[in-house]
Amino acid sequence: MFLSTLSGAIVALALVAQASAFGEGFTLFALIILPIALFIGLATVMRLGVANYHEAMCVIGMNRIRAAYLELAPDLERYFVMSAHDDPRGIGITMGVQPGGMVSWIGQIVAGTPTVVMILNCALAGAIGAILALRLGATPTGILVGGAVGFLVALAAQSWYARQAIAKGQSGYRPLFPTPEGS
């Protein structure tokens, strides 16, 4: 939904830019439509966070079910292709994170949909900041600064929100079936 809205907003901006020769009508229209697209983008980041949390809980549950099977019938282990451990390593194996420690997790995070949407939101906030600075009569440097400030404020706010949500999801969680040392 967000990407469709963003695409539609860009097409609408292009049509208005053509009709108004990038004049006052364009900047006013941009300051109306871009915040709407940004709102939908922010809501999308929140929805993706909830979906990712739910997925992690399901993975933990499935890993625990596999661990229970292995307690009952250890000889079934050779048939399981996913982990039976509910610690970060076991969760990562089941979620398809390539082995390689923290680098693999960072790669997974950077390439993930929430991060991509977050960066698009930052670009939108930067565009809003730059267009607002333009409307207020800023110099080219001021317009650039307005765009950079919008981008960085959005990045800081969304990063803070993501860290808080992750910390809340991890608080109080204790693995019941950790990966054995040396595995």
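Check the entry above for the structure.
Residues numbered from 1 in each chain as written. Predicted model: local features only at pLDDT ≥ 70, side-chain atom pairs only at ≥ 80, totals over all residues. Heavy atoms only, no water.

Undergrad: Pulling in residues and values, what's your account of the overall build of the protein?
TA: A count of helices and strands for the protein gives six helices and zero strands. Each helix and strand of the protein, ordered N terminal to C terminal, gives the series α-α-α-α-α-α. Computed over C-alpha atoms, the radius of gyration of the protein comes to 23 Å, more than 25% over the 16 Å expected from 2.2 N^0.38 for 183 residues, which places it beyond the range of a compact globule. The dimensions of the protein, computed from C-alpha atoms along their principal axes, are 75 × 25 × 25 Å. Per-residue burial for the protein yields a buried fraction of 28% across its 183 residues. Expressed as a percentage of contacts within the protein between residues at least 6 apart in sequence, the contacts between residues at least 24 apart total 67%. About 11,600 Å² of surface is accessible on the protein, with carbon and sulfur atoms providing 72% of the total. With 9 positive and 8 negative side-chain charges, the protein shows a spacing of 9 Å between the two charge centroids. (Helix = DSSP H or I, 4+ residues; strand = E, 2+ residues; numbered from the N terminus. Rg over C-alpha atoms; globule rule 2.2 N^0.38 Å. Buried < 20%, exposed > 50% of the residue type's maximum accessible area, 1.4 Å probe, protein only. Contact = heavy atoms within 4.5 Å. Areas by Shrake-Rupley, 256 points an atom, 1.4 Å probe, with all protein chains shown as cover. Lys, Arg positive; Asp, Glu negative; His and termini not counted. Charge placed at Lys NZ, Arg CZ, Asp CG, Glu CD.)

Undergrad: Break down the nonpolar core for me, with residues and values.
TA: Of all hydrophobic cores here, the largest spans 21 residues; its most connected members are Phe-2, Leu-13, Leu-34 and Leu-124. Every element with two or more residues in this core is listed here: α1 (2-20), α2 (24-72) and α5 (113-135). Counting residues per element, this core draws most heavily on α2, which supplies eight residues. In this structure, Phe-2 is in contact with Ala-37, Ile-40, Gly-41, Thr-44, Val-117, Leu-120, Asn-121 and Leu-124, ignoring residues within four places of it in sequence. (Core = buried A, V, L, I, M, F, W, Y, C linked by side-chain atoms within 4.5 Å.)

Undergrad: Which residues make up the side chain of Asp-86, and what values go with them?
TA: Mapped onto the elements, Asp-86 comes out in the loop between α2 and α3 (88-95). Separated by 2.8 Å, the side chain of Asp-86 and the backbone nitrogen of Leu-176 make a polar contact. The contacts of Asp-86, once residues within four sequence positions are left out, are Ile-60, Arg-64, Ile-91, Tyr-173, Pro-175, Leu-176, Phe-177 and Pro-178. (Polar contact = N/O pair within 3.5 Å; in protein donor to acceptor, adjacent residues only side chain to side chain.)

Undergrad: Could you give an account of the pattern of salt bridges, naming the residues involved and the relevant values?
TA: Counted under the stated rule, the structure contains two salt bridges. Note that Asp-86 and Arg-64 form a salt bridge whose closest N and O atoms lie 2.6 Å from each other. In this pair, Asp-86 sits in the loop between α2 and α3 while Arg-64 sits in helix α2, placing the two residues 22 residues apart along the sequence. (Salt bridge = Lys/Arg side-chain N within 4 Å of Asp/Glu carboxyl O.)

Undergrad: Explain the packing of α5 against helix α6 (residues 140-170) to me, and be specific about the residues and the numbers.
TA: Relative to each other, α5 and α6 sit at 145 degrees, their axes nearing to 7 Å. Crossing geometry of α5 relative to α6 is assigned as right-handed. Packed against α5, whose contacting residues are Met-118, Ile-119, Asn-121, Cys-122, Ala-123, Ala-125, Gly-126, Gly-129, Ala-130, Ala-133 and Leu-134, the element α6 presents Gly-142, Ile-143, Gly-146, Gly-147, Gly-150, Phe-151, Ala-154, Leu-155, Gln-158 and Ser-159 at the interface. When grouped by side-chain class, the residues that make up the contact of α5 with α6 number twelve nonpolar, nine polar and no charged. (Axes fitted to C-alpha atoms, helices over the stretch in contact; angles between N-to-C directions. Left-handed = near helix turned anticlockwise from the far one by under 90°. Nonpolar A, V, L, I, M, F, W, Y, C, P; charged D, E, K, R; others polar.)

Undergrad: So, the side chain of Thr-27: which residues are in play, and what are the values?
TA: Mapped onto the elements of the fold, Thr-27 is located in helix α2. The class of Thr-27 is buried, set by a relative accessible area of 6%. A distance of 3.0 Å separates a polar atom in the side chain of Thr-27 from the backbone oxygen of Glu-24. Setting aside chain neighbours within four positions, we find Thr-27 in contact with Ile-131, Leu-134 and Arg-135.

Undergrad: Tell me about a nonpolar patch on the surface, and please be specific about residues and values.
TA: A surface patch of nonpolar side chains, amounting to about 420 Å² of accessible area, comprises Ile-65, Tyr-69, Leu-76 and Tyr-79. Within the fold, Tyr-79 resides in the loop between α2 and α3. (Patch = residues over 30% accessible without salt bridge, like charges linked within 9 Å, V, L, I, M, F, W, Y side chains within 5 Å.)

Undergrad: Give me the lowdown on the packing of α1 against α5, citing residues and values where you can.
TA: Axis separation between α1 and α5 bottoms out at 12 Å; the angle between their running directions is 30 degrees. Judged by the angle between their axes, α1 and α5 are roughly parallel. Pair α1 / α5 crosses with left-handed handedness. On α5, the residues touching Phe-2, Leu-3 and Leu-6 of α1 are Val-117, Leu-120, Asn-121 and Leu-124. In terms of residue class, the contact of α1 with α5 is made up of six nonpolar, one polar and no charged. (Parallel < 35°, antiparallel > 145°, perpendicular 65-115°, else oblique.)

Structural measurements only, silent on function.
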